[in-house]
Number of protein chains: 2
Amino acid sequence: MLTLFGFIAASLTTFAFIPQVIKTIKTKSTDDLSPVMYGVLLSGVICWLIYGIIINDLPVIVANAVTACLTAIIFFISLKNHLKKKKVIM
Amino acid sequence: MLTLFGFIAASLTTFAFIPQVIKTIKTKSTDDLSPVMYGVLLSGVICWLIYGIIINDLPVIVANAVTACLTAIIFFISLKNHLKKKKVIM
């Protein structure tokens, strides 16, 4: 029961990023996104992934590997747009 | 050592949302954000919070309580804007 609850929680926090990834890829617009948020989040998720590998916990590894891929996509698109915008201003 | 690593990971994934909260409150613009992402994420974080309460794990409780507050702010602002926009179109 408890495992099932943890599994639901992990699935929700992992798959939550899918609608944002789809929206960002579709519109390519990231003006309202914070690249800092996604940079810090990606670092944190990679730390969780390493933590999962050290304690050898498969659910932690899988959930964070998927989240890392999803947040990386949003991070790189928003970073690219952010740098492009900065270049235009300069 | 392992606890410290988990603590760093939890801090990064919790505080990552602060820059986005500041940006969203400042600009009030949420066109590029996915309200669905923040809705699903908020549900997931609340599930983690309940999970933390059940297993009586303070770090899990604290990290998810803070993340729930931060994602709730972004969720409600983006939902409000989304509904307002829908009303204008109709």
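Scoring rules and cut-offs
Residues numbered from 1 in each chain as written. Chains lettered and ligands numbered in written order. Predicted model: local features only at pLDDT ≥ 70, side-chain atom pairs only at ≥ 80, totals over all residues. Heavy atoms only, no water. Phe/Tyr/Trp six-rings, centres within 6.5 Å; stacked < 30°, edge-to-face > 60°. Helix = DSSP H or I, 4+ residues; strand = E, 2+ residues; numbered from the N terminus. Buried < 20%, exposed > 50% of the residue type's maximum accessible area, 1.4 Å probe, protein only. Patch = residues over 30% accessible without salt bridge, like charges linked within 9 Å, V, L, I, M, F, W, Y side chains within 5 Å. Areas by Shrake-Rupley, 256 points an atom, 1.4 Å probe, with all protein chains shown as cover. Salt bridge = Lys/Arg side-chain N within 4 Å of Asp/Glu carboxyl O. Axes fitted to C-alpha atoms, helices over the stretch in contact; angles between N-to-C directions. Parallel < 35°, antiparallel > 145°, perpendicular 65-115°, else oblique. Left-handed = near helix turned anticlockwise from the far one by under 90°. Contact = heavy atoms within 4.5 Å.

**Considering the packing of aromatic side chains**
Link 1 in the chain: Inspection of every chain in the model, using the stated rule, returns 4 aromatic pairs over all chains.
Link 2 in the chain: Ring geometry for Trp48 of chain A against Tyr51 of chain A: centres 5.4 Å apart, planes inclined by 85°, an arrangement best described as edge-to-face. Of the two residues, Trp48 of chain A and Tyr51 of chain A are both situated in helix H3 (residues 35–55); the distance of 3 residues between them amounts to about one turn of the helix.
Link 3 in the chain: On the basis of an interplanar angle of 55° and a centroid distance of 5.2 Å, the ring pair of Phe75 of chain B and Phe76 of chain B is categorised as tilted.
Link 4 in the chain: Overall, Phe75 of chain B belongs to the buried group, its relative accessible area being 16%.

**Some words on a nonpolar patch on the surface**
Residue and element names in this part refer to chain A.
Link 1 in the chain: A cluster of nonpolar residues, Phe15, Ile18, Ile22, Leu58, Val62 and Val66, forms a patch on the protein surface that exposes about 520 Å² of accessible area.
Link 2 in the chain: Of all elements in the fold, only helix H2 (17–27) and helix H4 (58–89) reach the threshold of two or more residues within the nonpolar patch.
Link 3 in the chain: Inspection of the secondary structure puts Val66 in helix H4.

**Here's the deal with the packing of H2 of chain A against helix H3 (residues 35–55) of chain B**
Link 1 in the chain: Contact geometry for H2 of chain A and H3 of chain B: axes closest at 7 Å, N-to-C directions at 165°. Accordingly, the angle class assigned to the pair H2 of chain A and H3 of chain B is roughly antiparallel. Read as a crossing pair, H2 of chain A and H3 of chain B show a hand that is left-handed. Contacts between H2 of chain A and H3 of chain B involve Phe17, Pro19 and Gln20 of chain A from the first element and Val36, Met37 and Leu41 of chain B from the second.

**Let's talk about the pattern of salt bridges**
All names here are of chain A.
Link 1 in the chain: Scanning all chains against the criterion turns up 2 salt bridges over all chains.
Link 2 in the chain: Close ionic contact of Lys85 with Asp31 constitutes a salt bridge, the shortest N to O distance being 3.9 Å. With Lys85 in helix H4 and Asp31 in the loop between H2 and H3, this pair connects stretches of sequence that are 54 residues apart.
Link 3 in the chain: The partly exposed category is assigned to Lys85, whose relative accessible area is 46%.

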